[in-house]
Structures are given as C-alpha cells and as structure tokens.
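# Examining the three-dimensional arrangement
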Amino acid sequence: MKVYECCGVETLTKKYFCPDCGGEEFADREISDSGTVYSFTKIHIAPAEFAHIAPYYVVLVDLDEADCKVTTRMLEEVKIGDSVTLDKLEHGAYIYRKV
Ligand SMILES: [Zn+2]
C-alpha cells in the first residue's frame, strides 16, 4: 500500500491540502501491508450488507513501515499485538488476516 507524507505526518488517503501547512506536494512511498493489531471491536450486530459475515472484527492496525494506522475488517479472532497483513481489498475496504 501507499502512504502520503507532508510535515512528517503520514496518511493512507491522499488529501488535496496538508492540514498543517496547506501544501499540495505530498511525498508518497510504497510500504509493506503488514502491521500489528492496535485495537479492535467485535461486531455482533452488523449493518445489513455485512450481516452474512457477522460476527467479525473491526481492527485498527498500526502499520509496521509507516507512522499511521489503518482501519480494517477481520473475520478471525484477534488480540492486541497480533501480527497481521493485508488479505484483500473489498469494495475499498481493507480486509486483513493474521500472519
Ligand atoms: Zn504540510
């Protein structure tokens, strides 16, 4: 995946302007998809489109190679500190799995 950086802040989504300096120039770099589980929530009652996969987990992953976190969906049971990596992108959502 790619991260964008300006003023030392890295994000996964490219913004039009840097919220700090107003700059439009972002440095981008390719980083590994792997990360560590930072926090998670188990979803029992899912919105209709995800009801068929419930229960599942919404997991905040601290990326190994960037100073930012990504919100992902996981089907496996996880705990804080687990090593995870990108499984696939589904309708723009990051689906992670345990390593
Ligand atoms: Zn900036």
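An account of the accompanying structure is given in this report.

Basis of the calculations
- Residues numbered from 1 in each chain as written.
- Predicted model: local features only at pLDDT ≥ 70, side-chain atom pairs only at ≥ 80, totals over all residues.
- Buried ≥ 20, exposed ≤ 12 C-beta atoms within 10 Å, placed from the backbone.
- Helix = DSSP H or I, 4+ residues; strand = E, 2+ residues; numbered from the N terminus.
- Pairing = 2+ DSSP bridges.

### Remarks on the pairing of strand β6 (residues 69-74)
Side-chain alternation along β6 places V70, T72 and M74 on a buried face and K69, T71 and R73 on a face that remains uncovered. Connecting the antiparallel pair strand β5 (residues 56-63) and β6 is a turn made up of five residues. Bridge count between β6 and strand β8 (residues 93-98): two bridges; the pairing is parallel. From the neighbouring strand, R73 faces β8, where its bridge partner is I95.

### Quick look at unusual backbone geometry
Residue P55 follows A54 across a cis peptide bond; omega there is -5 degrees. Located in the positive-phi region is C7, a residue other than glycine, with phi close to 55 degrees. The residue C7 is located in the loop between β1 (2-6) and β2 (9-11) in this model.

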